[in-house]
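# Chain and residue survey
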Amino acid sequence: MAAGGFWQGIADTLKIRTDKPKLVRAQVSALSRQIPVLYMLLLANAVALAYTHYGSAPDWMTVYGVIVLGVICVVRAVSWNRAKVDIDDFGMCVKHLRRIRILAVLISVLFTLWAVTMFEYGDAYQRGHVAYFISITVVGCIFCLINFPSAAMLVVGIVLGSFVLFFGTSDNEVYVAIAVNMALVSLMIIQIIRSYYANFAGLIETQDDLEVQHQEIMELSRANEALALIDPLTGLSNRRAFFAILEDVVDAAQEHETFAVAMIDLDGFKPVNDVHGHPAGDELLQQAGERLRTILGPDTLLARLGGDEFGVLLRGYESAMALMALGKKLCDDLNRPFMLNGVTVQVSASLGFATYPAVSRTPNGLFERADFALYHAKNNARGEAVLFAARHETLIRHDSRIEQALRKADLSSELKLHYQPVFDLGTGKVNSLEALARWDNVQMGPISPGTFFPVAEKTGQVGFLTRVLFEKLMIDMADWPEELSVSFNLSARDIVLSDTVEWLIEEIRGHGIDPGRVTFEVTETAFLRDFDAARASIGYLRDHGARIALDDFGIGYSSLRYVHELEFDVLKVDRSFVAPLVHNERSRRIVKTVIDMCQNLGIDCVLEGIENANQRDVLIDLGGQLMQGYFFARPGRAIRLDTLEDLHTQ
Ligand code: C2E
Ligand code: CA
Ligand code: CA
């Protein structure tokens, strides 16, 4: 078996591996460098041998024979050097190898014959040179052919074979010893060739494997890249793809080319997610994507940018009118009810447009302005499309000036708290105070909280404002009567961050104030943002003794679920219900219902924005007791614990 394996190994080594094109090419490439060297070595050694035999051997051997051999060597060497071996042509490579093998046999035979014939003519030294010539030359040649064992083995076989035979059969003991020596060396050389070649072939194969692996990796990463551009939920493009394409389109835009970027945002998506669960929310987003796709057609870039926000790139729209008509169509279509697993839900969609080049010439500029138009739609025209216009530019500038001012200002000295009392109509006394922020900026002058809080929310600065203001409240409260309680407004961002909430409690404790004196006012935007986080924060604040008020009740969604699931201590009815009370029976009924509900739940109901006696009187008739508004007192710096009687006698 072992012997069989050995001979099989030899046989394999002798083959030209046409089944391994990579290996064949590598062999030809290596040989193309080594064969010219081989010929030069052959020639140099032949000349040396001819030189020592010049005079003792006939001239046809030492002069003409060498010239003929020399010409063959030079021609072959030059042709190898010249021929730019094209290793890409596999057929050619195999041909090269075959030719090398034939020439190896021919040249071995020729040189051996020449040397052996020369042997007859010399004295002992010259014969020694022949033996030396043959052995050293053949070893050199074999190393030149090592990448092509087929040829190398043939050379070993022919040259060393005849050498061993020739010397081994002579009567001279020294020659026999040399022959035995050479036979052993031959075996060793064959072994070296075999193991070298095995390594070489293995290396090429590894390279081959590596290349295959590399190809596979490249393919995978291409597939990944495609995936990285798709939103897996809706199958639409994702945010990355949207911005990449928008950038390309802006870069390649021709003179007079127009296009529009649209941002679409669903209003009321979050409650669907909260009430019906995430799978329903996902389903809604998929259906919304399909509706948009149906209207926009397959060729318009439509992407889900994240959450419930979609982006559209509209190329070649005709006019602003046409754009607005399309915007209306998109919004109207999303306002139709959705069927989610047998449940019907309804959301609305707002949309903002920004056009190139009228509104902006940069991808970012377009995106920001479309986003601003959307933000404007959400605040002023819910469920509609808004086209970014020149007047928005002033607003955007104003916003960014505020943002800058917020960054630069020394807020701890520029921010102040004013206090507006809430009166208890039953006792005629102040029930509590509401803390309202005031900002007087050195450059921009006074800025109302209704203006700067939304900007601070957007830019993430609001947490800092909250801390500065609350710190001030704590300092003020230290001077007030023990029984006076205060309410403090929290922004949606504050309430979803647990560390802010924990900080508030620490602060109250640190100032030695009874947490029961502090009410935190929150609006439902916090629950729309992150219901679970908001619920956790509210729970935390209440567990530590503070009270919670739901502010601006009645606008937005005012889901009863919030009142049901979150325990509020106070409900503040938005002033937009108070204003029409006197003339509007319906608002009277609504307010009455809310007052009754609070009574049934055992929580306080504060009525905001009372500006005149008529409103006060109607509210008293409806059962209202806690009231706040300019009619009683405006927010101010000075704390006056007047009773209502004091106020009216003044
Ligand atoms: P809000 O919490 O609903 O506060 C009531 C707003 O109505 C205050 O406006 C107050 O001055 C005003 N107001 C009170 N009585 C009347 C009235 O009879 N008629 C009318 N038309 N308005 C009345 P202000 O101070 O400009 O604050 C606006 C909003 O800014 C607040 O609405 C609140 O959302 C926010 N805000 C104010 N201070 C803070 C604060 O310290 N933190 C946070 N996060 N938000 C604050
Ligand atoms: Ca408030
Ligand atoms: Ca309010």
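Model, not experiment: these values are computed from the prediction.

## Details of the overall build of the chain
A tally of helices and strands in the chain yields 25 helices and 17 strands. Once the C-alpha set of the chain is aligned to its principal axes, its extents read approximately 150 × 60 × 55 Å. By residue count, 46% of the 650 residues in the chain fall in the buried class. Sequence separation of at least 24 residues holds for 70% of the intrachain contacts in the chain that already meet a minimum separation of 6. For the chain, the computed accessible surface area is about 32600 Å², with 56% contributed by carbon and sulfur atoms. Positive and negative side-chain charges in the chain, numbering 59 and 79 respectively, have mean positions lying 6 Å apart.

## Re the site of ligand 1
The environment of ligand 1 is formed by 22 residues, the closest being R438, D551, R575, E611 and Y630. Within the side chain of Q420, one N or O atom sits 3.0 Å away from a nitrogen atom of ligand 1. Within the backbone of A437, one N or O atom sits 3.0 Å away from a nitrogen atom of ligand 1. In the complex, 83% of the free accessible area of ligand 1, which totals 790 Å², lies under the protein chains. Listing elements by their share of the shell around ligand 1, those giving two or more residues are β10 (429-441), α15 (449-459) and β14 (547-553). Residues belonging to the shell around ligand 1 are distributed by class as follows: 9 nonpolar, 6 polar and 7 charged.

## Some details on a nonpolar patch on the surface
On the surface, W60, Y64, I67, V71 and V75 cluster together into a nonpolar patch covering about 540 Å² of accessible area. Counting through the fold element by element, I67 comes out in helix α3 (residues 59-82). Residue I67 is classed as partly exposed on the basis of its relative accessible area of 49%.

## Re the confidence of the model for the chain
For the chain, mean pLDDT is 89; residues scoring 70 or higher make up 98% of the total. The lowest-confidence element of the chain is helix α1 (residues 2-14), averaging 68 in pLDDT; the highest-confidence one is strand β17 (residues 626-627), averaging 98.

## A closer look at the sheet that holds strand β3 (residues 301-306)
Here 6 strands make up an open sheet; going across it, the order is β1-β3-β4-β2-β7-β8 and the pairing mixed. Taken across any chain shown, the strands that pair with only one partner, and hence form the sheet edges, are β1 (237-238) and β8 (385-387). Across 3 bridges, strand β7 (residues 348-356) lies against β8 in parallel orientation. Along β8, the bridge assignment pairs L351 with A385. Where helix α8 (residues 239-252) meets the sheet, it contacts β1, β2 (259-267), β3, β4 (309-315) and β7, and its direction lies at approximately 25° from that of β4. Lying over the sheet, helix α11 (residues 320-335) contacts β2, β4, β7 and β8, oriented at roughly 155° with respect to β7.

## Quick notes on the environment of Y540
Its location among the elements puts Y540 in helix α20 (residues 531-543). Once the C-alpha coordinates of Y540 and S587 are considered, the two residues, 47 residues apart in sequence, prove to be 35 Å apart. Those residues in contact with Y540 that lie beyond four places of it in its chain are V501, E502 and I505.

## Describing the pattern of salt bridges
Scanning all chains against the criterion turns up 26 salt bridges. K328 serves as the salt-bridge partner of D332, at 2.9 Å between the closest nitrogen and oxygen. A residue pair is termed a helical-turn pair when its members lie 3 or 4 positions apart in one helix, as D332 and K328 do in helix α11 at 4 residues. The salt bridge involving E585 is made with R589; its shortest N-O contact spans 3.2 Å. Taken together, the residues E585 and R589, both in helix α23 (residues 585-601) and 4 residues apart, mark about one turn of the helix. The partly exposed category is assigned to E585, whose relative accessible area is 39%.

## Quick look at the coordination of the calcium ion (ligand 3)
Protein coordination at the calcium ion (ligand 3) comes from D551 (OD), D552 (OD), E608 (OE) and E608 (OE), with a distance range of 2.2 to 2.5 Å. Look at where the donors of the calcium ion (ligand 3) fall in the sequence and you get D-D-x55-E. Separating the calcium ion (ligand 3) from the calcium ion (ligand 2) is a gap of 4.0 Å, bridged by D551, which donates to each. Taken together, the residues D552 in strand β14 and E608 in the loop between β16 (604-607) and α24 (613-621) connect sequence positions 56 residues apart. Looking at D552, the relative accessible area reads 26%, which means it is partly exposed. Assessed through its relative accessible area of 11%, E608 is described here as buried.

## Things to note about helix α12 (residues 363-380)
The first and last C-alpha atoms of α12 sit 25 Å apart over 18 residues, in line with the 26 Å expected at 1.5 Å per residue. Taken together, the buried positions of α12 are P363, G365, L366, F367, R369, A370, F372, A373, L374, H376 and A377.

## A word on unusual backbone geometry
The linkage connecting Y356 with the following residue, P357, adopts the cis geometry, with an omega of 0°. Even without a glycine there, the phi angle at H256 is positive, about 70°. Classification of H256 by relative accessible area gives exposed; the value is 76%. Unlike most non-glycine residues, D552 shows phi in positive territory, near 55°.

## Digging into the state of the cysteines
Throughout the structure, instances matching the rule amount to 0 disulfides. For the unlinked cysteine C141, the closest cysteine sulfur is that of C144, found at 6.4 Å.

## Structural notes on empty space enclosed by the protein
Per the counting criterion, the structure on display carries 1 cavity of 30 Å³ or more. Around the largest cavity, the lining comprises 24 residues; the ones closest to its centre are L38, L42, I107, S108 and C141. Elements with a minimum of two residues in the lining of the largest cavity: α2 (21-53), α3, α4 (90-119), α5 (124-144) and α6 (149-168). Considering each element in turn, the lining of the largest cavity owes the most residues, 10 residues, to α4. Classifying every residue of the lining of the largest cavity by side-chain character gives 18 nonpolar, 4 polar and 2 charged.

What counts and what doesn't
Residues numbered from 1 in each chain as written. Chains lettered and ligands numbered in written order. Predicted model: local features only at pLDDT ≥ 70, side-chain atom pairs only at ≥ 80, totals over all residues. Heavy atoms only, no water. Helix = DSSP H or I, 4+ residues; strand = E, 2+ residues; numbered from the N terminus. Buried < 20%, exposed > 50% of the residue type's maximum accessible area, 1.4 Å probe, protein only. Contact = heavy atoms within 4.5 Å. Areas by Shrake-Rupley, 256 points an atom, 1.4 Å probe, with all protein chains shown as cover. Lys, Arg positive; Asp, Glu negative; His and termini not counted. Charge placed at Lys NZ, Arg CZ, Asp CG, Glu CD. Near = heavy atom within 4 Å. Polar contact = N/O pair within 3.5 Å; in protein donor to acceptor, adjacent residues only side chain to side chain. Nonpolar A, V, L, I, M, F, W, Y, C, P; charged D, E, K, R; others polar. Patch = residues over 30% accessible without salt bridge, like charges linked within 9 Å, V, L, I, M, F, W, Y side chains within 5 Å. Salt bridge = Lys/Arg side-chain N within 4 Å of Asp/Glu carboxyl O. pLDDT = per-residue confidence, 0-100. Pairing = 2+ DSSP bridges. Axes fitted to C-alpha atoms, helices over the stretch in contact; angles between N-to-C directions. Donors = N, O, S within 2.8 Å, 3.2 Å for Na, K, Ca; no water. Expected span 1.5 Å × (residues − 1). Disulfide = S-S within 2.5 Å. 1 Å grid on protein atoms, 1.4 Å probe; cavity = no way out; pocket = protein on both sides within 12 Å on 5 of 7 lines; lining within 4 Å. Points joined across faces, edges and corners; volume = space filled by probe spheres on them.

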